[in-house]
Amino acid sequence: MSLIKSSLLNTYKRLPVSFDKGEGVWLVDKFGNKYLDGLSGVAVNTLGHNHPILVKAISKQAAKLIHISNYYHIEEQSMLADALVGISKLSSVFFCNSGCEANEAAIKLARLHGHKIGIDTPNIIVMEGGFHGRTMGTLSASGGRKYQAGFEPLMPGFIRVPYDDMAALKKIADKKNKISAILIEPIQGEGGVNIPDNFNEYLSSLRGICDDNNWLLMLDEVQCGIGRTGKWFAHQHSEIKPDVMTLAKGLASGVPIGACVANDKVSSLMAPGKHGSTFGGNPLACVAGLTTLEIIKKEGLISNATVQGNLIYKELSLRIGKHPGVKSIRHMGLMIGIELSIPCVDLINIALDDKLLINVTADNVVRLLPPLVIKKEEAMLLVDKLTDLILNFLEKNDK
Ligand SMILES: *Cc1c(COP(=O)(O)O)cnc(C)c1O
């Protein structure tokens, strides 16, 4: 069986498996083999696969109305905006279809803000190791040459500093740098599940420097938002609120959606005609988003993310934490990274053979992003499988 489809543009290195259906944290391939999903389509399938209430809600909406232009009032869109404003305590929402688009909206808001405060060519501070998407704007904002190489000229207007390093940031906080905003992931996902050493202190310092200089604090919560870290939004583990927050991945449990959420000050920068999206905020995606938020609440999935995340972390720490080949284990809720001392991309295939889906990012960090519906027995199975895989891998590679 060849899975190579020559009519597809060669953008992904695909694994030799094809899934047919799913149920909760389980995926089933065409031959009936069951796989434990420790990745959720990269933090997308918040409710796992085939959640009956979500499936029913989407089906019902599809039979009524799938798409209608933003020329018209869309009730489901307003309801989802209200729900996001309610849980974020921000003011207004723009809907699009993906994370990069949500960040594009944020970048445009930062430009508007810059012009409003008298900067003709405003810059946005971004982080080394950051990831914001693949559009020209967002890949220019991302912090790895890996994403940018070959696509020059990049979009100007970004100044990069090391992550979790206030001293470096303070050094460039100068009028001559024409800064209007900071764009940052509270936890870096693609960069290797990097969590600031002192989360509250770092975010509070970022808030402080933005307030002092009239910059916008824009948090990319595309990966860490929507309950994954044990709060609705990762920044809610700190005392601060951002001016802008972007969401996508887990927001509608697999139906494409993105959202740029802004506070009052930023909302007032926008006016009809300045931004838009054909598909953004269509009734189908918004019902999927609303239903996702409802089920998260009803099934207590935010506290489940804390409980299962802590369990996985504790068990992994106990079993492999002291191994010399394991540099560190990091987590906040169900966003988990295991940094090894050697590159471990091969573990993805090895795990696949063992019917486990994981990811490796930043070359040597095993990344786990299981669905928020994961149960204790499933979390323990994940730990059992992964422990064996990592120990065998380290042994084979003489570590
Ligand atoms: C995945 C991701 C994006 C890009 O989202 P797309 O939907 O792929 O455009 C942006 N920011 C972060 C933090 C992400 O993890």
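Data block above holds the structure.
Model, not experiment: these values are computed from the prediction.

A. Representation of the overall build of the chain within the structure. For the chain, the helix and strand inventory stands at 13 helices and 15 strands. In summary, the chain has a C-alpha radius of gyration of 21 Å against a globular reference of 21 Å for 399 residues, a match within 12%. By its C-alpha atoms, the chain is 60 × 55 × 45 Å across when sized along the principal axes. In the chain, buried positions account for 55% of the 399 residues. Relative to all contacts within the chain whose residues are 6 or more apart in sequence, the contacts with residues 24 or more apart total 71%. Accessible area for the chain stands at about 18100 Å²; split by element, carbon and sulfur atoms hold 54% of it. Side chains of the chain give 43 positive and 40 negative charges; the mean places of these two sets differ by 2 Å.

B. Quick look at the site of the ligand. Neighbouring residues of the ligand: Ser98, Gly99, Cys100, Asn103, Phe131, His132, Gly133, Glu185, Asp220, Val222, Gln223 and Lys249. In the environment of the ligand, an oxygen atom lies 2.8 Å from a nitrogen or oxygen atom belonging to the backbone of cysteine 100. Contact between the ligand and aspartate 220: a nitrogen atom at 2.7 Å from a side-chain N or O atom of the residue. In the complex, 82% of the free accessible area of the ligand, which totals 380 Å², lies under the protein chains.

C. Representation of the sheet that holds strand 3 (residues 34–37) in the model. Across the sheet, which stays open at both edges, the four strands sit in the order 1-2-3-13 with mixed pairing between neighbours. Every interior strand has two partners, whereas the edge strands, strand 1 (19–23) and strand 13 (356–357), have only one.

D. Structural view of helix 10 (residues 283–298). End to end, helix 10 covers 22 Å across 16 residues, agreeing with the expected 22 Å (1.5 Å per residue, within 8%). The buried fraction of helix 10 amounts to 13 of the 16 residues, a majority that puts the element mostly inside the structure. Residue asparagine 282 occupies the N-cap position of helix 10, its side-chain oxygen lying 3.0 Å from the main-chain nitrogen of leucine 284. Looking at the residues trailing helix 10, positive phi occurs at glycine 300, about 60°.

E. Region of the structure containing the side chain of threonine 46. Here threonine 46 lies in the loop between helix 1 (40–43) and helix 2 (52–64). Residue classification places threonine 46 among the buried residues on the basis of a relative accessible area of 2%. Setting aside residues up to four positions removed in sequence, threonine 46 forms contacts with Ile226, Gly250, Ser253, Thr292, Ile296, Pro371, Leu372 and Val373.

F. Geometry of the packing of aromatic side chains. The full count for this structure, using the stated rule, is four aromatic pairs. Judged by centre distance (5.2 Å) and plane angle (85°), the ring pair of phenylalanine 19 and tyrosine 35 falls under edge-to-face. Of this pair, phenylalanine 19 sits in strand 1 while tyrosine 35 is found in strand 3, placing the two residues 16 residues apart along the sequence. Residue tyrosine 35 is classed as buried on the basis of its relative accessible area, which comes to 6%. Plain terms: the ring middles of tyrosine 163 and tyrosine 202 are 6.0 Å apart, the flat faces sit at 80° to each other, and that makes the pair edge-to-face. Remark: tyrosine 202 occurs in helix 8 (residues 199–213) and tyrosine 163 occurs in the loop between strand 6 (158–161) and helix 7 (166–172); sequence separation between them is 39 residues. Given a relative accessible area of 14%, tyrosine 163 falls into the buried group.

G. Main features of the sheet that holds strand 5 (residues 123–127). The strand order 4-10-9-8-7-5-6 describes an open sheet built from seven strands, whose pairing is mixed. At either margin of the open sheet sits one strand with a lone partner, and together these are strand 4 (92–96) and strand 6. Strand-to-strand twist across the sheet, computed as the mean angle between neighbouring axes with direction ignored, equals 20°. Bridge count between strand 5 and strand 7 (residues 179–184): three bridges; the pairing is parallel. The residue bridging isoleucine 124 from the neighbouring strand is alanine 181, located in strand 7.

H. Focus on helix 2. For helix 2, which comprises 13 residues, the first-to-last C-alpha distance of 19 Å matches the rise-based estimate of 18 Å (1.5 Å per residue) to within 8%. What helix 2 keeps buried is the set Leu54, Ala57 and Gln61. Down the axis, helix 2 shows its buried residues gathered within 65° of arc, on one side only. Those residues of helix 2 that are exposed and angled more than 90 degrees off the buried face are Pro52, Lys56, Lys60 and Ala63. Among the structural elements, helix 3 (75–88) and helix 10 are those in contact with the buried residues of helix 2.

I. Region of the structure containing the packing of helix 3 against helix 10. Where helix 3 meets helix 10, the axes come as close as 8 Å, and the angle between the chain directions of the two elements is 35°. Crossing geometry of helix 3 relative to helix 10 is assigned as left-handed. Contact residues: helix 3 offers Glu76, Gln77, Met79, Leu80, Ala83, Leu84 and Ile87, while helix 10 offers Pro283, Cys286, Val287, Gly289, Leu290 and Leu293. Residue classes in the contact of helix 3 with helix 10 are distributed as 10 nonpolar, two polar and one charged.

J. Inspection of the pattern of salt bridges at higher detail. Here the structure, examined in full by the defined rule, presents 10 salt bridges. The partner of glutamate 315 in a salt bridge is arginine 319, and the shortest N-O contact between them spans 3.1 Å. Linking glutamate 315 with arginine 319, this pair stays in helix 11 (residues 301–320), spanning four residues, or about one helical turn. The partner of aspartate 384 in a salt bridge is arginine 319, and the shortest N-O contact between them spans 2.6 Å. Residue aspartate 384 is located in helix 13 (residues 376–396), and its partner arginine 319 is located in helix 11; the two are separated by 65 residues in the primary sequence. Judged by its relative accessible area of 34%, aspartate 384 is partly exposed.

Analysis parameters
- Residues numbered from 1 in each chain as written.
- Predicted model: local features only at pLDDT ≥ 70, side-chain atom pairs only at ≥ 80, totals over all residues.
- Heavy atoms only, no water.
- Helix = DSSP H or I, 4+ residues; strand = E, 2+ residues; numbered from the N terminus.
- Rg over C-alpha atoms; globule rule 2.2 N^0.38 Å.
- Buried < 20%, exposed > 50% of the residue type's maximum accessible area, 1.4 Å probe, protein only.
- Contact = heavy atoms within 4.5 Å.
- Areas by Shrake-Rupley, 256 points an atom, 1.4 Å probe, with all protein chains shown as cover.
- Lys, Arg positive; Asp, Glu negative; His and termini not counted.
- Charge placed at Lys NZ, Arg CZ, Asp CG, Glu CD.
- Near = heavy atom within 4 Å.
- Polar contact = N/O pair within 3.5 Å; in protein donor to acceptor, adjacent residues only side chain to side chain.
- Pairing = 2+ DSSP bridges.
- Expected span 1.5 Å × (residues − 1).
- Phe/Tyr/Trp six-rings, centres within 6.5 Å; stacked < 30°, edge-to-face > 60°.
- Axes fitted to C-alpha atoms, helices over the stretch in contact; angles between N-to-C directions.
- Arc of directions from axis to C-beta.
- Left-handed = near helix turned anticlockwise from the far one by under 90°.
- Nonpolar A, V, L, I, M, F, W, Y, C, P; charged D, E, K, R; others polar.
- Salt bridge = Lys/Arg side-chain N within 4 Å of Asp/Glu carboxyl O.

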